[in-house]
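# Structural features, examined
Here is what each chain is made of, one letter per residue.
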Number of protein chains: 4
Amino acid sequence: MAGSTYGTLFKITTWGESHGAAIGVVIDGCPAGLPLSEEDIQIYLDRRRPGQSRFTTARQESDRAEILSGVFEGRTTGTPISVMVKNQDHRSKDYGRIKDCYRPGHADYTFDAKYGFRDYRGGGRSSGRETIGRVAAGAVAAKLLYELGIRLTAFTRSIGAVTIPEEEYDFSRITENKLYMPSDIYAKKASAFLEECMKNKDSCGGVIECRITGVPAGIGEPVFQKLDAALAAGIMSIGAVKGVEIGDGFLAAGALGSANNDAFYAEDHHILKRTNHSGGTLGGISDGSTLIIRAAIKPTPSIAREEKTVTKDSKDTTLAITGRHDPVIVPRAVVVVESMAALTVADLLMVNMSSRVERLKEFYL
Amino acid sequence: MAGSTYGTLFKITTWGESHGAAIGVVIDGCPAGLPLSEEDIQIYLDRRRPGQSRFTTARQESDRAEILSGVFEGRTTGTPISVMVKNQDHRSKDYGRIKDCYRPGHADYTFDAKYGFRDYRGGGRSSGRETIGRVAAGAVAAKLLYELGIRLTAFTRSIGAVTIPEEEYDFSRITENKLYMPSDIYAKKASAFLEECMKNKDSCGGVIECRITGVPAGIGEPVFQKLDAALAAGIMSIGAVKGVEIGDGFLAAGALGSANNDAFYAEDHHILKRTNHSGGTLGGISDGSTLIIRAAIKPTPSIAREEKTVTKDSKDTTLAITGRHDPVIVPRAVVVVESMAALTVADLLMVNMSSRVERLKEFYL
Amino acid sequence: MAGSTYGTLFKITTWGESHGAAIGVVIDGCPAGLPLSEEDIQIYLDRRRPGQSRFTTARQESDRAEILSGVFEGRTTGTPISVMVKNQDHRSKDYGRIKDCYRPGHADYTFDAKYGFRDYRGGGRSSGRETIGRVAAGAVAAKLLYELGIRLTAFTRSIGAVTIPEEEYDFSRITENKLYMPSDIYAKKASAFLEECMKNKDSCGGVIECRITGVPAGIGEPVFQKLDAALAAGIMSIGAVKGVEIGDGFLAAGALGSANNDAFYAEDHHILKRTNHSGGTLGGISDGSTLIIRAAIKPTPSIAREEKTVTKDSKDTTLAITGRHDPVIVPRAVVVVESMAALTVADLLMVNMSSRVERLKEFYL
Amino acid sequence: MAGSTYGTLFKITTWGESHGAAIGVVIDGCPAGLPLSEEDIQIYLDRRRPGQSRFTTARQESDRAEILSGVFEGRTTGTPISVMVKNQDHRSKDYGRIKDCYRPGHADYTFDAKYGFRDYRGGGRSSGRETIGRVAAGAVAAKLLYELGIRLTAFTRSIGAVTIPEEEYDFSRITENKLYMPSDIYAKKASAFLEECMKNKDSCGGVIECRITGVPAGIGEPVFQKLDAALAAGIMSIGAVKGVEIGDGFLAAGALGSANNDAFYAEDHHILKRTNHSGGTLGGISDGSTLIIRAAIKPTPSIAREEKTVTKDSKDTTLAITGRHDPVIVPRAVVVVESMAALTVADLLMVNMSSRVERLKEFYL
């Protein structure tokens, strides 16, 4: 089937393999009139590049976004925005044993099981490079949200065993360390943890959190398009994500109702909440408070240690992944989580516009 | 928008409010030729009724499933199966303060924010009764999966602070206690915990787990229709769910790659895994091992304690929910989680049939 | 698959067979706040009943619409509106040879080819009764459009060989004759033609036209969701329809560009067209002029004449359809065409609300 | 919204404007294992180029298809196939009065009405160049159908007033004349008609027919995804199409039931039809006979005559379109109609695979 399309009104379709000619995305349904340049997208793409902090200027000339359609005189036209990123070196080389062996923790085996064969070069479609399309589209969605006063802040909450307690969050630090953590102290601890991992030829995962402010109350559609459900679908579709939480998430499962319920109060005729255990939704619809989403990222499966596995023709063997591999992908995945959140919220904001007859009347009469 | 439809090929549309005339579901796309009776559906509906264990025979004559279409001579015809459950007492009565107050933890406020007004009788569309349609449809999906050798086992993993360690699981006990826990000892502990909750006019949540065996390798569509993502969307769309995990989930975020990777081995030309940290998927596609899904259920928001809240016209007030309310909904939600999992797997199994040209040739030539 | 769902934001799902317990529709995504009663729907359902003119008061107590959900205190709530019509007599009786024979012009054979068996009672899902769900939903869509100043006028343009020339249209006559023709003279001619048909145990078809005024410019989405394309899909999905035209349709294929182009002119700062060969769309987007749609209805396939056909087990035989059958379904199909047009326009009106960033700003800021 | 996506399982998303950097399509859901080269696509693209007959070898180096993803070692991988065609000369030049005037018969006005502004260079997204994406995807769908024994034959049935009677069809001639007509005599008449048009600075339209053989019985989904409805949606979404017919189409509306019903007969245990007025479908499901589809193409709106129109700021004016414009687009649109038909049939063939439980069992057990 066609699993590469996401969204109802703000709809994206991604394409491309790690070692194909290029990789990209078609963004269809972006409202007309949004100022948009290749630079807007490039800023987001740069955030998912290896070893970069958010404001790095020394850009290597790689992963350059090209806008091929949908923008005219600096503004979106309402028609599909096609963004392409050329792959730098996609000529076939020796992929060695990966061609015939199934790497543990990777999709090699399942792609073969599904399709009968696979593009074995660097993971093909299941490579992390697939997220380039998501991030390019996420940049556009985030820009649209910005126009509506909606701000996204995504960051690394934990790396392996190192978790920042919420009371230590200092968002001003996120872009000041290469791990995108909102705490210099914990970033240092995490760096030490990572050093140890690398020394042991091992890898680790972590948790990414995304907070979204300025979302008006009323976003999300009962029953199956709840804001929570749509966010979960989007976030869980990211390659390495194995868990998603909204608000207190699994902690709520162990809490008492009296503690978990967020009390309402009124201020200047606005209805607000004293706490935000629910993470910004009630009944799957935004309640006007901050959206809080967390994603569990599994450890990078590519490790240099020798592991037991099988060949394509069902023979036992062992395999050690060679080449350079990140010991953790969490920092680079931060912008991917933010992108999927932006895409989801933008789509449901648009969908919500037709929720009341009176709104249609205001619009059309 | 239309958020009440779920699925691509096996598609369901639910409808109904807690205090409307009836509640139901239209199941469209169920393959023709499946033996199906109202009793098949009733068995599932009974599992979500209050105070019932799975094999309770003393059925009260309530929540009776009626099949209105799509079944002929005891088999599905391939056309929409409409299932309706009449609401017993849907005449308007005094809903007292709920009409004008926003209950904390409920969707009262967000429905008003979205639609301008709401059906305030018993929560309307955001009531737990909405899940009747999911469960009726889930019964059909599960029956289809059964024909293909796929079995679902859902159960209560934790109630509040009481969690069963995985090594204590005894699936034969699930239907032997009213909490649907795979351990008599922990069921007893959980019961004691619940007694305490009720004494304190409080409520709690818990974690539900669902395991699915017999799923062939290859199910799930890259990129956005990954099996993980589709399951997350389905499970997170259930009212009280605030977190979803596949396999080790958030635990994987703290693990090392060397421990988290599942080693492959060969046996009789089959490719198997020594462990199953991934929970049955790799790259979002089923790998032939058991699917493992967990859902975090928040505490029941309706508690008899007085809570701070606001009125519809933005005035501070307090509210204590009167009437009988479950101190925990986890046991009743077990079948809802199982249903959403069944619907998701059935849909993606059907979608997968066209993944290879050679399969189309076998089918049509 | 699931072919019983129609629409993106204003989405309907129909269900039911001619001789099942009931037949119905779930309307999901109707904006909240629309005044709606069962009577609103009944008026539309009555128009598709046999031998009725629009304002017939002597209603037989059959095909009664029941609203089961989605309406509270006389207004739509934004949640699914479930409408059910009970079938009067659905007990099994002798369906005689239709069980084992394939009626020419009917879907008996193709349903068996697709599903392996079929509900042979009165055509099952392929019966004209299937349109009850469309019409019930169409009534709701039309009511929504009415609130926005949009009016639909559907009528019989031709019956068999009798076609009303456009210059003879008198819309005030449509409900004054049982054929829903905008001309008493042609209605009389058509009646005479029908008498002849019946005398010869034969049947005929005709052409239905639908005109929609008040549609603002800008409705319809390039490329595949053009207003023309969406209307064509909706209208052609009606059982007996074999052709669809927008504006001049097939006549345009024989015209010259100089004659077919509609000249624009300005009046009070409005942009208008001198002619309307395009039928109200340009590039698939509404241009503010009247939408004009035509549907070709094939002759009723059920005729009392003996016809050559085959049995289920591939044996040649002959068959004459017994029982009462309309010699023409065109007059009853008028409201079905109007309903599909209303559903399509309502959906695309809602979709269009997010076409510009400035509109989102006005809405949310 | 996102109107640039078409199909359920075999899903395409087109993008690009006439004067942007490039134009293209993402084909998602194409089954894995289909042999595919750029040449396969080029053959189709060449058929929509001006002044070409099907087997023209003297190819100008323009409109070259590049496959950017989804093909590995000469075969489709099951992942998205991205096809791009670079636009030759897309630098801004003087678009003169088209920037500020609304061309009659074009989408200039409606795009402005919808989006607030438009890419005025050569029609932007509403240009005929938009069909490049459809045709590139159609080539892939047609290749898939070919593997299943399904053949498409599309041709020009009429040009302006010149219509080939069905009994004169000689399909061997289609590629032997530049108008793609199945008759040399009528091609000559049509050429003469076109000469006259050009002399008068006028344009004309015509009718395209597409016949598809080898489609197995059972394809198409009741109720809204009938094969007829899906074909109508696809064909009517082509820019200049204003009418669609299946089988006898509008002629059926004037026929008698006794003449229009196709008699069944049995031959070697196959069920066949003596005639094919229905055009290969019954109840919206394929019946195993030839699919027959016709599309009415309106005259090219760009003519060199002076026409009345208005400026963007609502002032009356006149306009004569300068530059080279085809007096008729019908011959070039033949391959576009064929492509949309191929895409539609391929999608519904895939969807049909899950119509029966027994088929799922054969597939998975």
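Check the entry above for the structure.
I will try to describe carefully the structure that is included in this document. (Residues numbered from 1 in each chain as written. Chains lettered and ligands numbered in written order. Predicted model: local features only at pLDDT ≥ 70, side-chain atom pairs only at ≥ 80, totals over all residues. Heavy atoms only, no water.)

## Regarding the environment of Ile 81 of chain B
Residue and element names in this part refer to chain B. The cut-off we apply is this: Counting from the N terminus, the helices are DSSP H or I runs at least four residues long and the strands are E runs at least two residues long. Any residue under 20% of the maximum accessible area for its type is buried, any over 50% is exposed, and the rest in between are partly exposed; the area is computed with a 1.4 Å probe on protein chains only. Should any heavy atoms of two residues lie within 4.5 Å, those residues are considered in contact.
Summarising the element assignment, Ile 81 is placed in strand E7 (residues 81-86). Classification of Ile 81 as buried rests on a relative accessible area of 0%. Sequence spacing of Ile 81 and Ile 12 is 69 residues, and the spatial spacing of their C-alpha atoms is 9.3 Å. Setting aside residues no more than four positions away along its own chain, Ile 81 makes contact with Val 25, Val 26, Ile 27, Cys 30, Leu 36, Ile 67, Ser 69, Gly 70, Val 71, Thr 76 and Val 140.

## Here we look at the interface of chain D and chain C
Convention followed: Accessible surface is computed with a 1.4 Å probe, and the buried area is the amount of it that two parts give up when combined, taken over both parts together. Between Lys or Arg on one side and Asp or Glu on the other, a salt bridge is scored when a side-chain nitrogen of the former is within 4 Å of a carboxyl oxygen of the latter. N or O atoms within 3.5 Å of each other form a polar contact, as long as, within protein, one can give a hydrogen and the other can take it, and as long as residues adjacent in sequence are counted only when both atoms are side-chain atoms. Lys, Arg, Asp and Glu make up the charged group, whereas Ala, Val, Leu, Ile, Met, Phe, Trp, Tyr, Cys and Pro make up the nonpolar group; the residues left over, Gly among them, are polar. If DSSP finds at least two bridges between two strands, the strands pair.
Between chain D and chain C, the residue contacts involve 106 residues of the former and 106 residues of the latter. Both faces considered, chain D and chain C share a buried interface measuring about 8,200 Å² in area, 63% of it formed by carbon and sulfur atoms. The interface formed by chain D and chain C holds four salt bridges in total. Ionic pairing is found between Glu 221 of chain C and Lys 114 of chain D, a salt bridge with its closest N-O pair at 2.7 Å. Here chain D is connected to chain C by 47 residue pairs in polar contact (both at pLDDT 80 or more). At seven residues, helix H2 (residues 108-115) of chain D tops the list of elements feeding residues into the side of chain D that touches chain C. Tallied by class, the residues present in the side of chain D that touches chain C amount to 48 nonpolar, 36 polar and 22 charged. Inspection of the sheet shows strand E11 (residues 241-246) of chain C paired to strand E11 (residues 241-246) of chain D by three bridges, in the antiparallel sense. Within the sheet, the bridge partner assigned to Gly 243 of chain C lies in E11 of chain D and is Glu 245 of chain D.

## Quick notes on the interface of chain B and chain D
At the interface, 26 residues of chain B touch 26 residues of chain D. Summing both partners gives a buried area of about 2,600 Å² for chain B against chain D, and 74% of it is carried by carbon and sulfur. When the area that chain B buries against chain D is broken down by residue, the three leading residues are Met 353, Val 357 and Tyr 364 of chain B, summing to 27%. On the surface where chain B and chain D come into contact, there are two salt bridges. Residues Glu 147 of chain D and Lys 361 of chain B are paired through a salt bridge, measuring 2.7 Å at the closest nitrogen-oxygen approach.

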